[in-house]
Amino acid sequence: MTLLVSGGTVVGATGTHPADVLVDGETIVALYAPGRAPDGDHRVVDATGKYVIPGGIDAHTHMELPFGGTNASDTFDTGTRAAAYGGTTTIVDFAVQRTGEVVQDGLAAWHAKAEGNCHVDYAFHMILGGVDDDALKAMDMLVAEEGISSFKLFMAYPGVFYSDDGQILRAMQRARENGAMIMMHAENGIAIDVLVQQALARGETAPIHHGLTRPEALEAEATHRAIRLAEVARDCPLYIVHLSASQALAQVAAARHAGRNVFAETCPQYLYLTLEDQLGAPGFEGAKWVCSTPLRSRHESHHRDLWQGLRSNDLAVVSTDHCPFCFKDQKELGLGDFSKIPNGIGGVEHRVDLLYQGVVDGRLTLERWVETIATTPARMFGLYPRKGVLAPGSDADIVVYDPAGRTTISVQTHHMNMDHSAYEGYEIAGRVDTVLSRGSVLVADGTYHGRRGHGRYLRRGLSTYLS
Ligand SMILES: [Zn+2]
Ligand SMILES: [Zn+2]
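### Let's talk about the sheet that holds strand β14 (residues 181-185)
Inference 1: A sheet is described by the order of its strands in space; here 8 strands give the open sequence β8-β11-β12-β13-β14-β15-β16-β17, paired in parallel fashion. Strand pairing shows two members of the sheet lacking a second neighbour, β8 (56-61) and β17 (317-318), which therefore form its edges.
Inference 2: Those strands touched by helix α7 (residues 216-232) are β14, β15 (238-240) and β16 (262-266), and its axis lies near 170° from that of β15.
Inference 3: Across the face of the sheet, helix α12 (residues 351-360) comes into contact with β8, β11 (88-97) and β17 while running at roughly 115° to β8.

### Comments concerning the coordination of the zinc ion (ligand 1)
Inference 1: The protein atoms that coordinate the zinc ion (ligand 1) are Lys 152 (NZ), His 185 (ND1) and His 242 (NE2), at distances spanning 2.2 to 2.3 Å.
Inference 2: Sequence spacing of the donors to the zinc ion (ligand 1): K-x32-H-x56-H.

### A few points about the packing of α12 against helix α13 (residues 366-380)
Inference 1: At a closest axis distance of 9 Å, the pairing of α12 and α13 adopts a crossing angle of 155°. The angle between α12 and α13 places the two elements in the roughly antiparallel class. Seen along the crossing, α12 lies across α13 with a hand that is right-handed. Contacts between α12 and α13 pair Arg 351, Val 352, Leu 355, Tyr 356 and Val 359 from the former with Leu 366, Trp 369, Thr 372 and Ile 373 from the latter.
Inference 2: Grouping the amino acids of the contact of α12 with α13 by side-chain chemistry returns 7 nonpolar, 1 polar and 1 charged.

### Some thoughts on the layout of surface pockets
Inference 1: Reported here for the largest pocket is a volume of approximately 440 Å³.
Inference 2: Along the wall of the largest pocket there are 22 residues; nearest its centre are Phe 67, Tyr 157, Arg 214, Ser 339 and Asn 343.
Inference 3: Counting residues per element, the ones that place at least two in the lining of the largest pocket are β9 (66-67) and α5 (189-201).
Inference 4: Looking at the lining of the largest pocket element by element, the count peaks at 4 residues for α5.
Inference 5: Each residue belonging to the lining of the largest pocket can be placed in one class, and the counts come to 12 nonpolar, 6 polar and 4 charged.
Inference 6: Estimates place the volume of the second largest pocket at around 340 Å³.
Inference 7: Lining the second largest pocket are 18 residues, and of these Tyr 85, Glu 349, Thr 407, Thr 413 and His 415 lie nearest its centre.
Inference 8: Elements with a contribution of two residues or more to the lining of the second largest pocket: β19 (407-408) and β21 (431-437).

### Overview of the side chain of Ser 244
Inference 1: Note that Ser 244 resides in the loop between β15 and α8 (246-257).
Inference 2: Ser 244 gets classed as buried once you look at its relative accessible area, which sits at 1%.
Inference 3: Reaching out from Ser 244, the side chain makes a polar contact with the side chain of Glu 219 at a distance of 2.6 Å.
Inference 4: At a separation of 3.4 Å, a polar atom in the side chain of Ser 244 contacts the side chain of Thr 293.
Inference 5: Those residues in contact with Ser 244 that sit more than four places away from it in its chain are Glu 219, Tyr 270, Thr 293, Pro 294, Arg 296, His 302 and Leu 306.

### Points about the coordination of the zinc ion (ligand 2)
Inference 1: Coordination of the zinc ion (ligand 2) by the protein involves His 60 (NE2), His 62 (NE2) and Asp 321 (OD), with metal-donor separations of 2.0 to 2.2 Å.
Inference 2: If you list the donors of the zinc ion (ligand 2) from N- to C-terminus, the spacing comes out as H-x1-H-x258-D.
Inference 3: Taken as a pair, the zinc ion (ligand 2) and the zinc ion (ligand 1) show a spacing of 3.7 Å.

### Examining unusual backbone geometry
Inference 1: Cis geometry marks the peptide bond from Ser 292 to Thr 293; its omega dihedral reads -5°.
Inference 2: Looking along the chain, the bond that leaves Tyr 384 and enters Pro 385 is cis, with omega of 5°.
Inference 3: Position of Pro 385 among the secondary structure elements: in the loop between α13 and β18 (398-402).
Inference 4: Notably, Arg 234 is not glycine yet its phi reads approximately 55°, a positive angle.
Inference 5: Following the sequence through the fold, Arg 234 ends up in the loop between α7 and β15.
Inference 6: Its identity is not glycine, yet Asp 321 carries a phi of approximately 55°, on the positive side.
Inference 7: Following the sequence through the fold, Asp 321 ends up in the loop between β17 and α12.

### Overview of the confidence of the model for the chain
Inference 1: In the predicted model, the chain carries a mean pLDDT of 97, and the fraction of residues at 70 or more is 100%.
Inference 2: Looking over the chain, one finds the lowest element-wise mean pLDDT in β9, namely 90, and the highest in strand β7 (residues 51-54), namely 99.

### What to know about empty space enclosed by the protein
To find the voids left in a structure, one rolls a probe of water-molecule size over its atoms.
Inference 1: Per the counting criterion, the structure on display carries 2 cavities of 30 Å³ or more.
Inference 2: Computed from the structure, the largest cavity encloses a volume of approximately 160 Å³.
Inference 3: The wall of the largest cavity is formed by 17 residues, among which His 62, Tyr 157, Asp 321, Cys 323 and Asn 343 lie closest to the centre.
Inference 4: Volume-wise, the second largest cavity comes out at about 40 Å³.

Definitions and limits used
Residues numbered from 1 in each chain as written. Chains lettered and ligands numbered in written order. Predicted model: local features only at pLDDT ≥ 70, side-chain atom pairs only at ≥ 80, totals over all residues. Heavy atoms only, no water. Pairing = 2+ DSSP bridges. Helix = DSSP H or I, 4+ residues; strand = E, 2+ residues; numbered from the N terminus. Contact = heavy atoms within 4.5 Å. Axes fitted to C-alpha atoms, helices over the stretch in contact; angles between N-to-C directions. Donors = N, O, S within 2.8 Å, 3.2 Å for Na, K, Ca; no water. Parallel < 35°, antiparallel > 145°, perpendicular 65-115°, else oblique. Left-handed = near helix turned anticlockwise from the far one by under 90°. Nonpolar A, V, L, I, M, F, W, Y, C, P; charged D, E, K, R; others polar. 1 Å grid on protein atoms, 1.4 Å probe; cavity = no way out; pocket = protein on both sides within 12 Å on 5 of 7 lines; lining within 4 Å. Points joined across faces, edges and corners; volume = space filled by probe spheres on them. Buried < 20%, exposed > 50% of the residue type's maximum accessible area, 1.4 Å probe, protein only. Polar contact = N/O pair within 3.5 Å; in protein donor to acceptor, adjacent residues only side chain to side chain. pLDDT = per-residue confidence, 0-100.

What follows is the structure, encoded as structure tokens:
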């Protein structure tokens, strides 16, 4: 069965040109100058007037994550279906080892949640919540046998996921040997917990105090410390997740300028939302935007600096850190105590659109849009060139994007399992038109054609950014 995406403008990380894309089964077989594809009984997807891009890759999601006394509200079923609606055809979720648990058990539990339930292809990073001799051995095994080549450590959340500097150094040394990437949640959680207790003792219980007790300095300090620890581990590759603040970005930029193996991602919430406007909303409303790292102040230069970082590649990737909790009964666990509000924002459905709006607003080029949402995540996490590019031999994960369309983001129309939207009322000057995953049509004509169980587990190789 062949399929031809015809009449569109193909956008990739390296350029934009009119081309027809021929798909055979699950794979792209060729790109042709417009109208030059060989005749055949192709199913035709008309992309006239539209962009044709590789399917989005969201390298940071948390489906069904147990956190803060509850579970992230999207299952692999609902979350990957929402991802497909939004033009994301691969997710890399975080399997979890909690402190005291065996790494392989945590991984098996994650496979059990995901297998047979995903609408799009999926891979895993591994969260290490307890770095010890067994965990270090498990790292080698996961890289060699399980297709898991990246490990997330936490400088935050003492007692839950936290690793001390010695544990971090040991994991980094091991990664330097086995070729893995260390992903870091860079916030000084020990100091943050002091500020949280002091705030609560003063009676400061509203959601905005979540942000005020996680100041920029403690993200910048942890980012700096992670970079220096990686240096001690003979320049272990380091990837800073959900970078939110100008001063943290400056640390990454300085390390990169010095030629270090340091990379970073940001998320749409840090490009569009603020401490005052969202987290500081009246009453308990701000709980919707409690996430860590927190939203930053609009009175500082974070948005401007992060967009600039995306242009200059000091920020290489945009992921969502999709970790949705409903307002009712979930966010409400923190009524009267902001420290009990489950941390997380849902956005897996909106990343491709929100970053396209950056193109419309003149902040990114079309090519950079595709690079940050698809091509670089594929290269960074060992999925390239199977994913992240429209080229012969690559999986036929294809999004037709309509620049003449419009998208209004709302809880009324989104597909995530959330009772609110972090971006309620946002207008995007573009629209996801058609979505293919390995040659199967998931979304077309505003209708969903995908199915639970279509998505397959992807064994990843090593990052192609490392020698
Ligand atoms: Zn994190
Ligand atoms: Zn996360």
